[in-house]
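# Architecture at a glance
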Amino acid sequence: YSATESNILKVVGTITDAENLLKLQIENLNSFKLEDLSVQITSLNGQVFTHQDLAPTGEADIVTVPLIELPAGIYFVSLFSKSVLLDTEKFIMMK
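Now for a description of the structure that goes with this document. All figures in this text were calculated on a predicted structure; none of them were measured in a lab.

## A closer look at the overall build of the protein chain
Check the secondary structure of the protein chain and you find zero helices and eight strands. Across the 95 residues that make up the protein chain, the buried fraction comes to 36%. For the protein chain, the share of sequence-separated contacts (at least 6 apart) that also reach a separation of at least 24 residues comes to 56%. For the protein chain, the computed accessible surface area is about 5700 Å², with 52% contributed by carbon and sulfur atoms.

As C-alpha cells, then:
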C-alpha cells in the first residue's frame, strides 16, 4: 500500500475506547462537497472497511469517522472524492 504524495489528509490526536472516533483534518475541506467524500480503512493484512459517514465537527477542516467495530491494530485511511483517491495516512487503533 503506497501513500500518496499529497498532504490533504492528516490524522488528528489519538483514538480512545471512550470515543472510538477517528478525527481527520482535511485541507481545504470547504472546497469539497462532504457528500462526495468517503474514507476507506484498510488493515495491514488488506481487509477493507469502508465508511461514507464523515461527520463535520464544527472545528475548521476536521471530520470524524466512527470506528466501533475496529479491533486494535495498524491501519491505513484513504480519502476519496467520488472514486478519486486524494490521500492516504497510517493510524494505530489501541484498545
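Structure's up, so let's keep going.
## A word on the packing of aromatic side chains
Counted according to the given criterion, the structure contains two aromatic pairs. Considering the side-chain rings of Phe-49 and Tyr-75, the 6.2 Å spacing of their centres and the 70° angle between planes classify their relative orientation as edge-to-face. One end of the pair, Phe-49, is in strand S4 (residues 48–51); the other, Tyr-75, is in strand S7 (residues 73–81), and 26 residues separate them in sequence. With a centroid separation of 5.6 Å and 25° between ring planes, the pair formed by Tyr-75 and Phe-91 is classed as stacked. Of this pair, Tyr-75 sits in strand S7 while Phe-91 is found in strand S8 (residues 84–93), placing the two residues 16 residues apart along the sequence. Assessed through its relative accessible area of 4%, Phe-91 is described here as buried. Grouping aromatic residues by their ring pairs yields a cluster made of Phe-49, Tyr-75 and Phe-91.

## Side note on the pattern of salt bridges
Using the criterion set out here, one finds one salt bridge in the structure. For Lys-23, the salt bridge is made with Glu-59, and the minimal N-O distance between the two is 3.1 Å. Of this pair, Lys-23 sits in strand S2 (residues 21–26) while Glu-59 sits in the loop between strand S5 (55–56) and strand S6 (62–66), placing them 36 residues apart in sequence. A residue is classified by how much of its surface remains accessible, and Lys-23, at 28% relative accessible area, is partly exposed. A residue is classified by how much of its surface remains accessible, and Glu-59, at 44% relative accessible area, is partly exposed.

## Observations regarding the sheet that holds S6
Note on sheets: strands pair through backbone hydrogen bonds, and any given pair is parallel or antiparallel. Taken together, the four strands give an open sheet; going across it, the order is S1-S2-S6-S5, and neighbouring strands pair in antiparallel fashion. Edge positions in the sheet fall to strand S1 (9–12) and S5, since each of these pairs with one other strand and no more.

Scoring rules and cut-offs
- Residues numbered from 1 in each chain as written.
- Predicted model: local features only at pLDDT ≥ 70, side-chain atom pairs only at ≥ 80, totals over all residues.
- Heavy atoms only, no water.
- Helix = DSSP H or I, 4+ residues; strand = E, 2+ residues; numbered from the N terminus.
- Buried < 20%, exposed > 50% of the residue type's maximum accessible area, 1.4 Å probe, protein only.
- Contact = heavy atoms within 4.5 Å.
- Areas by Shrake-Rupley, 256 points an atom, 1.4 Å probe, with all protein chains shown as cover.
- Phe/Tyr/Trp six-rings, centres within 6.5 Å; stacked < 30°, edge-to-face > 60°.
- Salt bridge = Lys/Arg side-chain N within 4 Å of Asp/Glu carboxyl O.
- Pairing = 2+ DSSP bridges.

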